[in-house]
Amino acid sequence: GESVGLHLPTLSVQEGDNSIINCAYSNSASDYFIWYKQESGKGPQFIIDIRSNMDKRQGQRVTVLLNKTVKHLSLQIAATQPGDSAVYFCAETLRFKTIFGAGTRLFVKA
Amino acid sequence: SQTIHQWPATLVQPVGSPLSLECTVEGTSNPNLYWYRQAAGRGLQLLFYSVGIGQISSEVPQNLSASRPQDRQFILSSKKLLLSDSGFYLCAWSVRLAGGTDTQYFGPGTRLTVL
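Note that this is a predicted model, so its numbers are computed, not measured.

**Student:** When you look at the packing of aromatic side chains in this model, what are you seeing that I'm missing?
**Tutor:** Aromatic ring pairs are described here by two measures, namely the spacing of the ring centres and the angle between the planes. This model, assessed by the stated rule, comprises eleven aromatic pairs over all chains. Taking the centre distance of 4.5 Å and the plane angle of 50 degrees together, the rings of Tyr-25 of chain A and Phe-33 of chain A count as tilted. Per residue, the accessibility class of Tyr-25 of chain A equals that of Phe-33 of chain A, and both read buried. Ring centres of Phe-46 of chain A and Tyr-105 of chain B lie 6.0 Å apart, and the angle between their planes is 45 degrees; this geometry places the pair in the tilted category. On the criterion of chain membership, the pair formed by Phe-46 of chain A in strand β4 (residues 45-51) and Tyr-105 of chain B in strand β10 (residues 105-106) is interchain, its members lying in two chains. A residue is classified by how much of its surface remains accessible, and Tyr-105 of chain B, at 34% relative accessible area, is partly exposed. Among the aromatic side chains, those forming a connected cluster through ring pairs are Tyr-36 and Phe-100 of chain A together with Tyr-34, Tyr-36, Tyr-49 and Phe-106 of chain B.

This is how it looks when you write it as structure tokens:
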């Protein structure tokens, strides 16, 4: 899978506010979804995942919501901190084939 | 626990020179291995993936090749680099689990600049 040729959309939030990063996925049959965080100059890091038989999953300060009706995935970050500044990618998997979204750059203002 | 290594971390090469980037994984057996390229400010482009030793699938035609000489070693090569080969190269591994999950875990990346 690939997502190329697109400049990243950006989201700017105030420190302490909640952030919501959205992703539209492509295949209604996709059965597993992942959010990654990529800091500048580093490889993407796994944040949280969700299977298609769920619509919400919570981690530490992060929540992923899945709306299969409209093929939409979102990542909510509570009490956003400067260390959350990064590019966030969603990924969808169908039968072991993974497709990555274009990514969203999150800026956290102090 | 599993770890993935890539080297070198940064590389500056002249146009026309050869390339060899290495990726190794520890702590798992028979992983799927992947090479991605990421242009500045852009998403991930899958270049190659491998499901076993000597098994390489190419996703896009290009100036690069990949090899998997050992179970946990994945090498990205070129005989003659082009300016357009510049980018951030990421290696990833995954292990397919029952139930359809195949989470990919990424290495630290190699920043390649071709001058």
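**Student:** Can you walk me through the sheet that holds strand β8 (residues 73-78) of chain B in this structure?
**Tutor:** Remark on secondary structure: sheet strands pair via backbone hydrogen bonds, oriented parallel or antiparallel. Residue and element names in this part refer to chain B. Spatially, β1-β3-β8-β7 is the arrangement adopted by the four strands of the open sheet, whose pairing is antiparallel. Two strands in the sheet have a free side with no partner beyond their single neighbour: β1 (3-7) and β7 (65-70). Going across the sheet, the axis of each strand differs from the next one's by a mean of 20 degrees, ignoring polarity. Inspection of the sheet shows β7 paired to β8 by four bridges, in the antiparallel sense. Looking across to β8, one finds that Ala-66 is bridged to Leu-76.

**Student:** It is not clear to me how the pairing of strand β8 (residues 86-94) of chain A should be interpreted in this structure. Could you clarify?
**Tutor:** A regular strand places its side chains so that they alternate between the two faces of the sheet. Residues and elements named next belong to chain A. Of all the nine residues making up β8, nine are buried; the element is thus mostly covered by neighbouring parts of the structure. Residue alternation in β8 divides its side chains into two sets, Ala-86, Tyr-88, Cys-90, Glu-92 and Leu-94 and Val-87, Phe-89, Ala-91 and Thr-93, and both sets are buried. Taken together, the seven bridges between strand β3 (residues 32-38) and β8 define a ladder with antiparallel strand orientation. Looking across to β8, one finds that Ile-34 is bridged to Ala-91. Where β8 meets strand β10 (residues 104-109), three bridges bridge the pair, whose relative direction is antiparallel. Looking at the pairing, Ala-86 lines up with Leu-106 of β10.

**Student:** I'm lost on the interface of chain A and chain B in this one. Help?
**Tutor:** Note on interface size: it is often stated as the accessible area lost on association of the parts. Contacts between the two partners involve 27 residues from chain A, matched on the other side by 26 residues from chain B. Buried surface at the junction of chain A and chain B, summed over both partners, amounts to about 2,100 Å²; 53% is from carbon and sulfur atoms. Inspection of the region where chain A meets chain B yields one salt bridge. Lys-97 of chain A is the salt-bridge partner of Glu-59 of chain B, the closest N and O atoms lying 4.0 Å from each other. Where chain A meets chain B, there are three residue pairs in polar contact (both at pLDDT 80 or more). Broken down by secondary-structure element, the contributors of at least two residues to the side of chain A that touches chain B are β3, β4, β8 and β9 (97-100) of chain A. For the side of chain A that touches chain B, the element with the highest residue contribution is β3 of chain A, accounting for four residues.

**Student:** Explanation requested: the state of the cysteines in the structure shown.
**Tutor:** A covalent bond bridging the sulfur atoms of two cysteines is what the word disulfide describes. Taken as a whole and judged by the stated rule, the model has two disulfides over all chains. Residue pairing for Cys-23 of chain A: its cysteine sulfur links by disulfide to Cys-90 of chain A, the two sulfurs lying 1.7 Å apart. Here Cys-23 of chain A is found in strand β2 (residues 19-24), whereas its partner Cys-90 of chain A is found in strand β8, with 67 residues between them in sequence. Through a disulfide, Cys-23 of chain B is tied to Cys-91 of chain B; the S-S separation comes to 2.0 Å. Between Cys-23 of chain B and Cys-91 of chain B, the S-S dihedral sits near -75 degrees, and the bridge is therefore left-handed. One end of the pair, Cys-23 of chain B, is in strand β3 (residues 19-26); the other, Cys-91 of chain B, is in strand β9 (residues 87-94), with 68 residues separating them in the sequence.

**Student:** What should I look at first to understand unusual backbone geometry in this one?
**Tutor:** Trans peptide bonds make up the majority, and among non-glycine residues the majority have a negative phi. Note that the residue after Trp-7 of chain B, namely Pro-8 of chain B, is joined by a cis bond; omega there is 0 degrees. Here Arg-61 of chain A, not a glycine, exhibits a phi torsion of approximately 65 degrees, which is positive. By the element assignment, Arg-61 of chain A lies in the loop between β5 (56-58) and β6 (62-67). In this structure Arg-61 of chain A comes out as partly exposed when scored by relative accessible area, which is 30%. Backbone geometry at Lys-71 of chain A places phi at a positive 55 degrees, although glycine is not the residue there. Along the polypeptide, Lys-71 of chain A turns up in the loop between β6 and β7 (72-77).

Rules and cut-offs
Residues numbered from 1 in each chain as written. Chains lettered and ligands numbered in written order. Predicted model: local features only at pLDDT ≥ 70, side-chain atom pairs only at ≥ 80, totals over all residues. Heavy atoms only, no water. Phe/Tyr/Trp six-rings, centres within 6.5 Å; stacked < 30°, edge-to-face > 60°. Buried < 20%, exposed > 50% of the residue type's maximum accessible area, 1.4 Å probe, protein only. Helix = DSSP H or I, 4+ residues; strand = E, 2+ residues; numbered from the N terminus. Pairing = 2+ DSSP bridges. Axes fitted to C-alpha atoms, helices over the stretch in contact; angles between N-to-C directions. Contact = heavy atoms within 4.5 Å. Buried area = accessible area lost by both parts, 1.4 Å probe. Salt bridge = Lys/Arg side-chain N within 4 Å of Asp/Glu carboxyl O. Polar contact = N/O pair within 3.5 Å; in protein donor to acceptor, adjacent residues only side chain to side chain. Disulfide = S-S within 2.5 Å.

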